[in-house]
Amino acid sequence: MWFRSFRIGPYWGRKRTISLLKIGSKFEWCGASLVNYERRQTKIESHQIQHIKEKKTKAKDKKMGMKLHPTAIALLLLLASAAELSDAALYDVTKYGGKPDGKTDLSQALLKAWKMACASLDVSSVLIPSGTYALGQTIIEGPCKAPINLIVQGTLKAPIDTSHFKPDAGWVAFQHIDHFTLSGSGVFDGQGTTLWGKKCSQSSYCDDLPINLRFSFLTNSMIRDVTTKDSKQFHVNVLGCKNVNFYHFTVSAPEESLNTDGIHIGRSSGINITNANIKTGDDCISIGDGSEQISINDVTCGPGHGISIGSLGKYPNEAPVIGIRVKGATLTNTMNGIRVKTWPASPKGVASDLHFEDVIMNNVGNPILIDQEYCPYNQCKLQIPSRVKISDVNFKNIRGTSSSQLAVKLVCSAGVPCKNVQLTDINLKYNGGAATTLCKNIKPVLDGVQVPKSCSA
C-alpha cells in the first residue's frame, strides 16, 4: 500500500514523521476518516466487481515494523483493504456452481473459489453476490500466497439440523490466514430460533451447538460491515489471533437467545472493535484468558448482558488478561454494564490494566461490577476465595441510569484483594430512589463526582 512507505516514530505519541495522520491526544481526525471511508466503500467494491478482471497488481506484503495506537492501526488497515479491493482478482462463487436459491449448499462452490483465490500470487477476492444461499459447515483455511478478501453481499443460511457437524468447528470457520478481509453488506444467519431454550439451560447442550463465525489464528486482518444473525450459540469466537480489526460489525439476536455472546475473545492480542452494534441474549463482548491489548471503541450494546472480562479462573493455567480498554460505549437495557468476573476457589490468575471510560448507561442493571464471587447455578465453592489477582482498574466518566438500586458493586477476593481500582466522575442514578454502592475487600481511589456515594467517600 502506498502509505506503507511512510516513516512513523517508535511509539504512539512520541516523535514521528507522517502526513497521513494528525496524531495527538485525541483522534477526531481518525474517526472522521473512518466515516469517510465507510461512505465511499460501496463505490470501491462496485468498481471492483465491474473492472476487477482488467486489473492485477502484484501484492505488497511488507511488514510495517512499528507501534501505533489501535485507532490508527484500524484506519491503516481500512485504507489497505480499500486499496487491495480495488486491485484484486475476482472469483465469483456463482461461476463455480453457487446458486442463490436458498436450497443448494454453497459450501463446495465457495471452497472452489477460495482455493483458486488463495493460490493467486496477486491480491484476490472471492465474491458471494446478492441473494439467499444455503451454506453447510464450512472451514476456510490459509495460508494464502497473497492478501485475500471475501466479499459477502448475500444472505447465508445455516442448516437447522447441525447434528452432522464436526464438533468445535463452528458453522463458518476462518483459520490460519494473514492479510484477510471479510466485508460486504451480507448476513450470516445461524437460524438459531428453533433451538434456543431447548436442553440449553444448566446443561452442556449449548456447548455442542455451532458458533456462527470462528476466527482462529488470523493475523493483520479486517472484518467489516457484515452481520451475524440468530446464532445457535456464540456469534463470534476469536482465538489465537493477532492484529484483527472489527469495524461497523453487527450482531443481531433477541434478548431470549441463550448463550449467544456477541464477540468472544481469547488468547489473542491487538484486537480492535470499533463502531459495532450488538444486540443479543448474552454478553455483547466477552474477553477470556490470554487476551492482551484489546480496544473497544464506540460500541452500542443492548439487549444483552453487557461487556465482560471473564469469567476467569474456572480452569487451571489460564493466561493473564492485560491491557483492556473500553471507551465511548453505550449500553441500553442490558442485564449488566461493564464487569469483571472471576470464579471462587480458582487457580491463580491475573487481570490488570483494565480501563473503562466515557460509557453511557441507559436503564442498565449493575452498571459497574467487579464480581469475584461469580457462581452461576451455585456450581462453585463460595467459601474458598478466588485467586485471580485484579489490579490497575480505572472506571472514568461512567454516567446514566441504573435499573438496579445497587449501581456500583465491587466485590473482590478475600485471598487477593483488588489493588489500585480508581473511580473517577461516576454519575449513576436509580429511578426508584437513591442508588447504592457495595464494596468488599477493596479500597477504591476516588476522584471527581461520586454518585452514588462510594464506599470510601
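Residues numbered from 1 in each chain as written. Predicted model: local features only at pLDDT ≥ 70, side-chain atom pairs only at ≥ 80, totals over all residues. Heavy atoms only, no water.

Details of the nonpolar core
Where a protein is soluble and globular, its nonpolar side chains tend to be buried together. The cut-off we apply is this: We define a nonpolar core as any set of buried Ala, Val, Leu, Ile, Met, Phe, Trp, Tyr and Cys residues linked to one another through side-chain atoms lying within 4.5 Å. Here's how the labels work: a residue is buried when its accessible area is under 20% of the maximum for its type, exposed when over 50%, partly exposed in between, all with a 1.4 Å probe on protein chains only. Working rule for contacts: check all heavy atoms of both residues, and any pair within 4.5 Å makes them a contact.
In this structure, F174, F246 and F395 are the most contacted members of the largest nonpolar core, which totals 87 residues. Look past the residues within four positions of F395 in its chain and what remains in contact with it is I338, F356, I368, I370, L410, V421, Q422, L423, T424 and I426.

Side note on the sheet that holds strand β28 (residues 368–371)
Note on sheets: strands pair through backbone hydrogen bonds, and any given pair is parallel or antiparallel. In plain terms, the rule: Pairing between strands is defined by DSSP: at least two bridges between the two strands are required. A run of DSSP states H or I qualifies as a helix once it reaches four residues; a run of E qualifies as a strand once it reaches two. Both are numbered from the N-terminal end. An axis is simply a line fitted to the C-alpha atoms; with a helix, the fit covers only the stretch in contact. Between two such axes, the angle follows the N-to-C directions and lies from 0 to 180 degrees.
Across the sheet, which stays open at both edges, the 11 strands sit in the order β5-β8-β11-β14-β17-β20-β23-β26-β28-β30-β32 with parallel pairing between neighbours. Strands with a single pairing partner mark the edges of an open sheet, and in this sheet they are β5 (138–141) and β32 (436–440). Sheet twist, expressed as the mean angle between neighbouring strand axes with direction ignored, is 15°. Pairing geometry for β5 and strand β8 (residues 172–175), over four bridges, is parallel. Bridge pairing in β8 places T138 opposite V172.

As for the environment of G102
Here G102 lies in strand β2 (residues 101–105). Residue G102 is classed as partly exposed on the basis of its relative accessible area, which comes to 36%. With 30 residues separating them in the primary sequence, G102 and T132 have C-alpha atoms 5.0 Å apart. Non-local contacts of G102, meaning those with residues more than four positions away in its chain, are made with T132, Y133 and A134.

Some remarks on the state of the cysteines
Threshold: Here, a disulfide means two cysteine sulfur atoms that sit within 2.5 Å of each other.
Counted under the stated rule, the structure contains five disulfides. Two residues, C118 and C144, share a disulfide whose sulfurs are 2.1 Å apart. One quick way to see it: the torsion about the S-S bond of C118 and C144 is about -105°, and its sign makes the bridge left-handed. Taken together, the residues C118 in helix α3 (residues 107–119) and C144 in the loop between β5 and β6 (148–152) connect sequence positions 26 residues apart. Summarising the burial analysis for this pair, C118 and C144 share the class buried.

Section: the pattern of salt bridges
Which entries qualify depends on this criterion: When a carboxyl oxygen of Asp or Glu is within 4 Å of a side-chain nitrogen of Lys or Arg, the pair counts as a salt bridge.
Applying the stated criterion across every chain yields a total of seven salt bridges. Note that R224 is salt-bridged to D225, the shortest N-O span being 3.1 Å. Two residues, K440 and E373, come together in a salt bridge whose shortest N-O distance is 2.8 Å. In this pair, K440 is assigned in strand β32 and E373 in the loop between β28 and β29 (388–402), connecting sequence segments 67 residues apart.

Side note on the packing of aromatic side chains
The description of an aromatic ring pair rests on the distance of the ring centres and on the angle between the ring planes. Heads up, the condition is: Only Phe, Tyr and Trp rings take part, Trp by its six-membered ring, and two of them pair if their centres are within 6.5 Å. Stacked means planes under 30 degrees apart, edge-to-face means over 60, and tilted covers everything else.
Applying the stated criterion across every chain yields a total of eight aromatic pairs. With a centroid separation of 5.9 Å and an interplanar angle of 75°, the aromatic rings of W114 and F180 are classed as edge-to-face. Linking W114 in helix α3 with F180 in strand β9 (residues 180–183), this pair joins segments that are 66 residues apart in sequence. Of the two residues, W114 and F180, both sit in the buried class. Here the aromatic cluster, defined as three or more aromatic residues joined through ring pairs, consists of W114, F174, F180, F215, F246 and F249.

Topic: the confidence of the model for the chain
Just so we agree on the cut-off: Residue-level confidence of the predictor is what pLDDT reports, using numbers from 0 through 100.
On average, residues of the chain carry a pLDDT of 85, and 78% of them reach 70 or more. Segment residues 1–45: pLDDT under 50, and 76 contacts once partners within four positions in sequence are set aside and those in other chains are kept.

Digging into the side chain of S308
Our working rule: Polar contact is defined as a pair of N or O atoms within 3.5 Å, subject to the rule that within protein one atom must be able to donate a hydrogen and the other to accept it, and that residues adjacent in sequence are counted only when both atoms are side-chain atoms.
One can find S308 in strand β23 (residues 307–312). In terms of polar contacts, S308 uses its side chain to reach the side chain of R339, at 2.7 Å. Setting aside residues no more than four positions away along its own chain, S308 makes contact with D283, I285, S286, I287, R339 and K341.

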